[in-house]
Amino acid sequence: MSPSSDDQGMRLQRSSRDTAALIPRLTAWLATQLPGGADPVLTLGSGIDSNGMSAETLTLTLNWQDDGAARTAELIARVAPAPGDFPVYEHYDLPGQAEVMRIVAAATDVEVPRVRFLEPTGAVLGTPFLLMDRVEGLVPPDVMPYTFGGNWLFDAEPEQQLRVQESTVETLAKLHAIPDAANTFGFLDPEYAGASVLERNLNRARAWYEFSVRDTGPSPLVERILTWLGANLPEPGSYDTVLSWGDARLGNCMYRDFEPVAVLDWEMATIGPRELDVAWITFGHRVFHGIAQNFGFPGMPDFMREEQVRASYARCAGVELADLTWYTMFAALNYAVVFLRAGGRQIHFGEMERPADIEVLLHHRAIVEELLAELGA
């Protein structure tokens, strides 16, 4: 019997909103965005609860009239969470995400969903939202993690898994090849203190952690990571500045025939070293593999290994990556904040009791402790 999220108690509530009540407001707003006489009709599908935890994601079908002809569009709504619903991020920049997707679509052949509508003010639903085209494909699940088994990626043949790995790395290389990223995506440069773009990214992550601990309390383990990262910051001349997807995970890609057909979720997009994304995608798999092992499953030990990914990236990008140690620890920091916020949300919605030791929420705790021990930190 394959594991299910209900069996393991890992289905996550993201919102206290009545999603059905959103439809009349969305429909009325769409009538103001479409040409006169469109008479939009919006039908709510299901939410998406096997991936992501930062925003509400709804599936919608839009029917309308266009100069007398009936039109239909299958859409995805991304709705920023209400402040009272324990948001993962302190700030949600949906206009920035939409602009990143627009530029990526124009500058590369990387597939990103087309954004059809953007409401940035929150006046319609209480928080900003965007509506984008729905893409057909498969996504490696986060809940339960794909490493647990019982899903298309885990059950694929080794050569198919390798195709997923290689094609995803190629996608990263294409994103990183967009020229003059520092200017093209200058709006993504974190607005935090720092003499370099990497230091500004570190200070953004530090501020995110400080936002988190207002609710969960501090984590000595996370603060050890922060201390080490600050003391070992790579010099600006040691890296290129590229577009960084930010949350470069398999679960943020949609696949068809084991190759990406949509790159999703740009909430953490930034500019910085190419090593940020490469370390993130390898560390993310290591975390999911470790969680699977903690539950007694074999996981996927031969998939997304760092040495394989580095070699694939060098072939695709024509660039040899720097040592990934700092960037792996930076990924560990950001994963820690995600876990603190996600666990805090479960406590907020009554899905779990508040643990005496808040670091129980850090599902990668053993991996982080091992890495810090190796570094003598």
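Note: the structure precedes this text.
If you're wondering where the values come from, they're calculated on a predicted model, not measured in any experiment.

What counts as what
- Counting restarts for each chain: residues are numbered from 1 in the order of the written sequence.
- Reporting of local features is limited, given that this is a predicted model, to residues whose pLDDT is at least 70; pairs of side-chain atoms are given and counted only at 80 or more, and all residues count toward the totals for whole chains, interfaces and linings.
- In computing side-chain values, all of the structure's heavy atoms are included and hydrogens and water are not.
- Note on conventions: DSSP H or I runs of at least 4 residues are helices, E runs of at least 2 residues are strands, and numbering of each starts at the N terminus.
- Using C-alpha atoms as the atom set, the radius of gyration is obtained and then compared with a globule rule of 2.2 Å times the number of residues to the power 0.38.
- Whether two residues are in contact is decided by their heavy atoms, any of which lying within 4.5 Å being enough.
- Only buried residues count toward a nonpolar core. Its members are Ala, Val, Leu, Ile, Met, Phe, Trp, Tyr and Cys residues joined through side-chain atoms within 4.5 Å.
- Only protein chains enter the accessibility calculation, which uses a 1.4 Å probe; a residue is then buried when its area is under 20% of its type maximum, exposed when over 50%, and partly exposed in between.
- Pairing of aromatic side chains requires ring centres within 6.5 Å, counting the rings of Phe and Tyr and the six-membered ring of Trp. Pairs whose planes differ by under 30 degrees are stacked, by over 60 edge-to-face, and all others tilted.
- Put plainly, a pocket is an open set of points on a 1 Å grid over the protein atoms alone with protein on both sides within 12 Å along at least five of seven lines, a cavity is a set where a 1.4 Å probe fits but cannot get out, and a lining residue has an atom within 4 Å of a point.
- Grid points are joined across faces, edges and corners, and a volume is the space filled by probe spheres set on the points.
- Under the convention adopted here, Pro, Cys and the residues Ala, Val, Leu, Ile, Met, Phe, Trp and Tyr are nonpolar, Asp, Glu, Lys and Arg are charged, and Gly plus all remaining residues are polar.
- N or O atoms closer than or at 3.5 Å make up a polar contact, with two conditions inside protein: a donor-capable atom paired with an acceptor-capable one, and, for residues adjacent in sequence, both atoms drawn from side chains.
- Two strands are counted as paired when DSSP detects at least two bridges linking them.
- Throughout, disulfides are identified as pairs of cysteine sulfur atoms within 2.5 Å of each other.
- Take the residue count of a helix, subtract one, and multiply by 1.5 Å to get its expected span.
- A carboxyl oxygen of Asp or Glu within 4 Å of a side-chain nitrogen of Lys or Arg is what we treat as a salt bridge.

(A) Fine view of the overall build of the chain. Looking only at helices and strands, one finds 11 helices and 9 strands in the chain. Taking 2.2 N^0.38 as the reference for a compact globule, 377 residues should give roughly 21 Å; the C-alpha atoms of the chain span a radius of gyration of 21 Å, in line with that estimate. For the chain, the C-alpha atoms occupy an extent of roughly 70 × 50 × 45 Å along the three principal directions. If you take every contact in the chain between residues at least 6 apart in sequence, the share linking residues at least 24 apart comes to 71%.

(B) Representation of the nonpolar core within the structure. Among the nonpolar cores identified, the biggest contains 92 residues, and V104, F185, L229, W266 and L333 are the most heavily contacted of them. Top contributing element to this core by residue count: helix 10 (residues 325-348), with 13 residues. Not counting the four nearest positions on each side in its chain, W266 is found in contact with Q97, V100, M101, V104, V112, L175, L243 and W245. The next biggest cluster of nonpolar side chains, apart from the first, holds 21 residues, and it includes I23, W64, A73 and L75.

(C) Broad picture of the packing of aromatic side chains. If you walk through the whole model with that rule in mind, you get 16 aromatic pairs. Taken together, a centroid distance of 5.1 Å and an interplanar angle of 45 degrees make the contact between F148 and F297 tilted. A residue pair is termed long-range when its members are at least 10 positions apart, and F148 in the loop between strand 5 (129-133) and helix 4 (158-176) and F297 in the loop between helix 8 (275-294) and helix 9 (306-317) qualify at 149 residues. Looking at F148, the relative accessible area reads 3%, which means it is buried. Of the residues examined, F297 reaches a relative accessible area of 22% and is grouped as partly exposed. The structure contains a cluster of three or more aromatic residues connected by ring pairs, namely W280, F283, Y335 and F339.

(D) Here's a closer look at the layout of surface pockets. Quantified by volume, the largest pocket comes out at close to 750 Å³. Along its surface, the largest pocket is lined by 33 residues, and H91, R204, E267, M268 and A269 are the ones closest to its centre. Mapped by element, the contributors of at least two residues to the lining of the largest pocket are helix 3 (94-107), helix 6 (197-216), helix 8 and helix 10. The element best represented in the lining of the largest pocket is helix 6, accounting for 5 residues. Of the residues that constitute the lining of the largest pocket, the class distribution is 18 nonpolar, 8 polar and 7 charged.

(E) Main features of the side chain of S219. Its location among the elements puts S219 in the loop between helix 6 and helix 7 (220-231). Look at S219 and you get buried, because its relative accessible area is 0%. Discounting chain neighbours no more than four positions away, the residues touching S219 are Y209, E359 and L362.

(F) How the structure looks around the environment of R354. Secondary-structure assignment places R354 in the loop between helix 10 and helix 11 (365-375). A sequence separation of 32 residues divides R354 from A322, and the C-alpha atoms of the two residues are 40 Å apart. When near neighbours in sequence (up to four residues on either side) are disregarded, R354 contacts D215, T216, G217 and I347. In this structure the side chain of R354 is engaged in a polar contact, spanning 3.4 Å, whose partner is the backbone oxygen of D215. Polar contacts involving the side chain of R354 include one to the main-chain carbonyl oxygen of T216, which spans 2.7 Å.

(G) Inspection of the pairing of strand 5 at higher detail. Across the 5 residues of strand 5, 5 count as buried, placing the element largely inside the fold. By the bridge criterion, 5 bridges tie strand 3 (residues 69-79) to strand 5 in an arrangement that is antiparallel. Among the inter-strand pairings, V79 is bridged to a residue of strand 5, identified as F129. Both strand 4 (residues 115-119) and strand 5 contribute to a ladder of 4 bridges, which runs antiparallel. When the sheet's bridge partners are listed, L118 is paired in strand 5 with L130.

(H) Inspection of the state of the cysteines at higher detail. Enumeration according to the criterion identifies 0 disulfides in this entry. We note that C253 lacks a disulfide partner, and the nearest cysteine sulfur, in C316, lies 14 Å from it. Its relative accessible area of 0% is what places C253 among the buried residues.

(I) Helix 6, seen in detail. Between its terminal C-alpha atoms helix 6 stretches 29 Å, which fits the 28 Å expected from 20 residues at 1.5 Å a residue. Immediately beyond the C-terminal end of helix 6, within one or two residues, lies G217, with a positive phi of roughly 85 degrees.

(J) Focus on the pattern of salt bridges. Tallying each qualifying case throughout the model produces 20 salt bridges. One salt bridge in this structure joins R200 and D189, with 2.7 Å as the shortest N-O distance. Within this pair, whereas R200 is found in helix 6, its partner D189 is found in the loop between helix 5 (181-184) and helix 6, the two being separated by 11 residues in sequence. Look at R200 and you get buried, because its relative accessible area is 17%. Given a relative accessible area of 22%, D189 falls into the partly exposed group. A salt bridge links R305 to E307; the shortest N-O distance between them is 3.0 Å. By relative accessible area, which is 36% here, R305 ends up partly exposed. When its relative accessible area of 48% is taken as the criterion, E307 is described as partly exposed.

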